[in-house]
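# Breakdown of the fold
Each chain, written out:
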Amino acid sequence: IGERLFEASLALEIGECHLSEGQPLRARKEYESARQIARQFGARVLLSAATRGLAEAELALGDLVRARDDARTAFELAERADAPPLMGAALRVVAAAVGLGAPGEADLGGAREMFDRAVEVLSNAGAELELARTLAAYAEFEARVGRRDTASELRRQADLIRERARHGSRRHLVKEAMLAAQ
């Protein structure tokens, strides 16, 4: 079981790499593999992460309805697994899909409401890097609908969080190096 779950985790990471390289088809294949393994072993956290990743790949491919639906499923799985960072990430994808025009939601106010909820969940969970990612996606949405000042402020907040994370990582590496030198 352990090897298969490790394989699912690895597929998630590879999917993230493909997505960041602009290869959503390859990412989708990895996320589908991870989802199948997670489902087979009842690993709800992995299943939620894989389903959210699949939703992001669908979003990148332009299938807004499937992206929205998969992200909603990922949210429900994360909620049952009591995994707030995954809940917030899934909400980010639902909001992005709705903001791009996925039908069935209230309107652009529905996307804002979901982005706000994602920000709240991630802030409360202390999931800073996912929070930065969500703020950046929220900024893209606001810029697209013409709210440039709001978008600028959201980008500024995302950049501050990323910088704080980088600074913390550097401080941690320096501390480790000093301990190793002793």
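The sections below set out a description of the structure shown in this document. (Residues numbered from 1 in each chain as written. Predicted model: local features only at pLDDT ≥ 70, side-chain atom pairs only at ≥ 80, totals over all residues. Heavy atoms only, no water.)

## What to know about the overall build of the protein
Looking only at helices and strands, the protein has eight helices and zero strands in total. Each helix and strand of the protein, ordered N terminal to C terminal, gives the series α-α-α-α-α-α-α-α. Taking all 182 residues of the protein together, the buried fraction comes to 43%. Here the contacts in the protein between residues at least 6 apart in sequence split such that 57% fall between residues at least 24 apart. On the protein, roughly 10000 Å² of surface is accessible, and the fraction owed to carbon and sulfur atoms is 52%. (Helix = DSSP H or I, 4+ residues; strand = E, 2+ residues; numbered from the N terminus. Buried < 20%, exposed > 50% of the residue type's maximum accessible area, 1.4 Å probe, protein only. Contact = heavy atoms within 4.5 Å. Areas by Shrake-Rupley, 256 points an atom, 1.4 Å probe, with all protein chains shown as cover.)

## A look at the pattern of salt bridges
A full pass over the atoms with the stated rule returns 19 salt bridges. Residues Arg4 and Glu7 are paired through a salt bridge, measuring 2.9 Å at the closest nitrogen-oxygen approach. Here the residue Arg4 and the residue Glu7 both occupy positions in helix H1 (residues 2-20), the gap between them amounting to three residues, near one helical turn. Residue classification places Arg4 among the partly exposed residues on the basis of a relative accessible area of 30%. Between Arg133 and Glu16 there is a salt bridge; the shortest N-O distance is 3.6 Å. Placement of Arg133 in helix H7 (residues 128-144) and of Glu16 in helix H1 is noted, with a sequence separation of 117 residues between them. Overall, the relative accessible area of 31% leaves Arg133 in the partly exposed class. By relative accessible area, which is 23% here, Glu16 ends up partly exposed. Residues participating in the shared-partner salt-bridge network are Glu16, Arg52, Glu56, Arg92, Glu130 and Arg133. (Salt bridge = Lys/Arg side-chain N within 4 Å of Asp/Glu carboxyl O.)

## Some points on the environment of Ala137
In this structure, Ala137 sits in helix H7. Residues Ala137 and Arg155 lie 18 residues apart in sequence; the distance between their C-alpha atoms is 8.9 Å. Apart from residues lying up to four places away in sequence, Ala137 is in contact with Arg92 and Phe115.

## Side note on the side chain of Arg92
Inspection of the secondary structure assignment puts Arg92 in helix H5 (residues 84-99). On the basis of relative accessibility, which here comes to 5%, the residue Arg92 falls in the buried class. Contact partners of Arg92, with chain neighbours within four places excluded, come to Arg52, Glu56, Phe115, Ala118, Glu130, Arg133, Thr134 and Ala137.

## So, unusual backbone geometry
Even without being glycine, Asp82 reaches a positive phi, approximately 55°. Looking at the secondary structure, you find Asp82 in the loop between helix H4 (64-80) and H5. Given the relative accessible area of 63%, Asp82 is considered exposed.

## Re the side chain of Ser48
Mapping Ser48 onto the fold places it in helix H3 (residues 44-61). Classification of Ser48 as buried rests on a relative accessible area of 1%. Dropping the residues within four chain positions of it, Ser48 is found in contact with Ala74, Leu77, Ala78 and Leu86.

## Focus: the nonpolar core
By size, the foremost hydrophobic cluster in this structure holds 30 residues, and its most contacted members are Leu59, Phe115, Leu131, Leu135 and Tyr138. Contributions of two or more residues to this core are made by H3, H4, H5, helix H6 (108-125), H7 and helix H8 (148-181). Sorting elements by how many residues they give to this core places H7 first, with eight residues. Apart from residues lying up to four places away in sequence, Tyr138 is in contact with Arg112, Phe115, Asp116, Val119 and Leu154. (Core = buried A, V, L, I, M, F, W, Y, C linked by side-chain atoms within 4.5 Å.)

## Let's talk about H7
Across its 17 residues, H7 extends 24 Å between first and last C-alpha, which sits within 8% of the 24 Å expected from 1.5 Å per residue. Regarding H7, the residues found buried are Glu130, Leu131, Ala132, Thr134, Leu135, Ala136, Ala137, Tyr138, Ala139, Phe141 and Glu142. Positive phi shows up at Gly146, right after H7, with a value of about 90°. (Expected span 1.5 Å × (residues − 1).)

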